[in-house]
Amino acid sequence: MDEFASAFQAAFQLIVSLDSNLFEIVSLSLQVSLSAVLIASLIGFPLGAALVLFTFPGKRGLVVMLNALMGLPPVVVGLILYLLLSRSGPLGVLGLLFTPTAMIIAQVILITPIIAALTRQVVQELWSEYREQLMSLGCSPSCAIRTLLWDGRFSLITTVLAGFGRASAEVGAVMIVGGNIDHVTRVMTTAIALEVSKGDLALALGLGIILLSLSLGINATAFLLGEFAKKRIGA
C-alpha cells in the first residue's frame, strides 16, 4: 500500500512539475488523435448524411457494414496496416511504418465508421422532420446535406467527441504500426503499457491520470452538449 501511495505522489509531482518526458508523450498523443478525428470527420460527416439522402443499390448492405465496422478489432487493423506499410508490402515504398502518420491512419480507419454511423442517425432524424419542407423549397440532395449537417451541429459535436474518446484510448493498432518508439511514436496508451511492464508506476500513473481526466472531460462535454441540443430542439 505504501508503494502505491508513493507512486501516486510521484505521479502528481511529475504533472505539477511539467515533466518534459510526460508532456512530450501527451503532446504527441493529442496531435495524433486530433488529426485522426479531423480527417475521420471530413470523411464521416458527408458519408453518413449521403447514406440517408441518396438511394442506390446495396445501400442497406452498406449501412449494415458501416455499423459492423464500428466494432473493428484494433489489433486486426494494426496487423493489416503493418502488412501494407512494411518494406515488403505494397505501400512500403512510402516509408510510413513506425511513424505518427501510420498511427493517424490506423485511428482514422477505426473511428471513421463510428462518426459516419452516428452522423447517419442524426441526419436521419432531421431528414424525417424537415424532408417535406426542404423538398418544397426545391433543395437538392447536396444542399439538403449541408443544411441538415449545420442544423445538427451540436449533436455532431458529440459524435466527434465520441470519436476522439475512441482514438485517445486506442493502444493495439498504434502499438503495432507505431512501434512505441521513444521520442518518435510513444503516446499515452502505449507508454502506460510499457512503463507498467518496466515497473515505473509513477510515469504510468501520471499518464493514466491525464488520460482519465481527458476521458472524463470528453464525456462531460458530450453530455452537456447533448442536453443543450435537446433544450434547443425543445425550444
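Residues numbered from 1 in each chain as written. Predicted model: local features only at pLDDT ≥ 70, side-chain atom pairs only at ≥ 80, totals over all residues. Heavy atoms only, no water.

Inspection of the entire model under this criterion finds one cavity of 30 Å³ or more. Considered as a void within the structure, the largest cavity measures approximately 50 Å³ in volume. Surrounding the largest cavity, S29, V32, S33, Q107, A167, S168, E170, V187, M188 and T189 form its lining. If you list the elements that add at least two residues to the lining of the largest cavity, you get α2 (20-53), α7 (153-168) and α9 (188-198). Take the lining of the largest cavity: its biggest share by element is three residues, from α2. (1 Å grid on protein atoms, 1.4 Å probe; cavity = no way out; pocket = protein on both sides within 12 Å on 5 of 7 lines; lining within 4 Å. Points joined across faces, edges and corners; volume = space filled by probe spheres on them. Helix = DSSP H or I, 4+ residues; strand = E, 2+ residues; numbered from the N terminus.)

Moving on, we come to the pattern of salt bridges. All told, the structure shown has three salt bridges when counted by the stated rule. We note a salt bridge from R166 to E170, for which the minimum N-O separation is 3.2 Å. Since its relative accessible area comes to 4%, E170 is described here as buried. Between R186 and D182 there is a salt bridge, with its nearest N and O atoms 3.6 Å apart. What makes D182 partly exposed here is its relative accessible area of 35%. (Salt bridge = Lys/Arg side-chain N within 4 Å of Asp/Glu carboxyl O. Buried < 20%, exposed > 50% of the residue type's maximum accessible area, 1.4 Å probe, protein only.)

To continue, consider unusual backbone geometry. The phi torsion at N180 lies on the positive side, around 55 degrees, for a residue other than glycine. Residue position: N180 is located in the loop between α8 (172-178) and α9. Residue H183 is not a glycine yet carries a positive backbone phi of 65 degrees. Following the sequence through the fold, H183 ends up in the loop between α8 and α9.

Two numbers describe how helix α4 (residues 74-85) lies on helix α5 (residues 100-136): the axes approach to 10 Å, and their chain directions differ by 135 degrees. With respect to each other, α4 and α5 are oriented oblique. In this structure, the crossing between α4 and α5 has a hand that is right-handed. Within the contact between the two elements, α4 uses P74, V77, L81 and L85 and α5 uses A102, I105, A106, I109 and L110. Here the residues of the contact of α4 with α5 sort into nine nonpolar, no polar and no charged. (Axes fitted to C-alpha atoms, helices over the stretch in contact; angles between N-to-C directions. Parallel < 35°, antiparallel > 145°, perpendicular 65-115°, else oblique. Left-handed = near helix turned anticlockwise from the far one by under 90°. Contact = heavy atoms within 4.5 Å. Nonpolar A, V, L, I, M, F, W, Y, C, P; charged D, E, K, R; others polar.)

This part is about the side chain of S168. Position of S168 relative to the elements: it lies in helix α7. Overall, S168 belongs to the buried group, its relative accessible area being 12%. Discounting chain neighbours no more than four positions away, the residues touching S168 are S33, T189 and L211.

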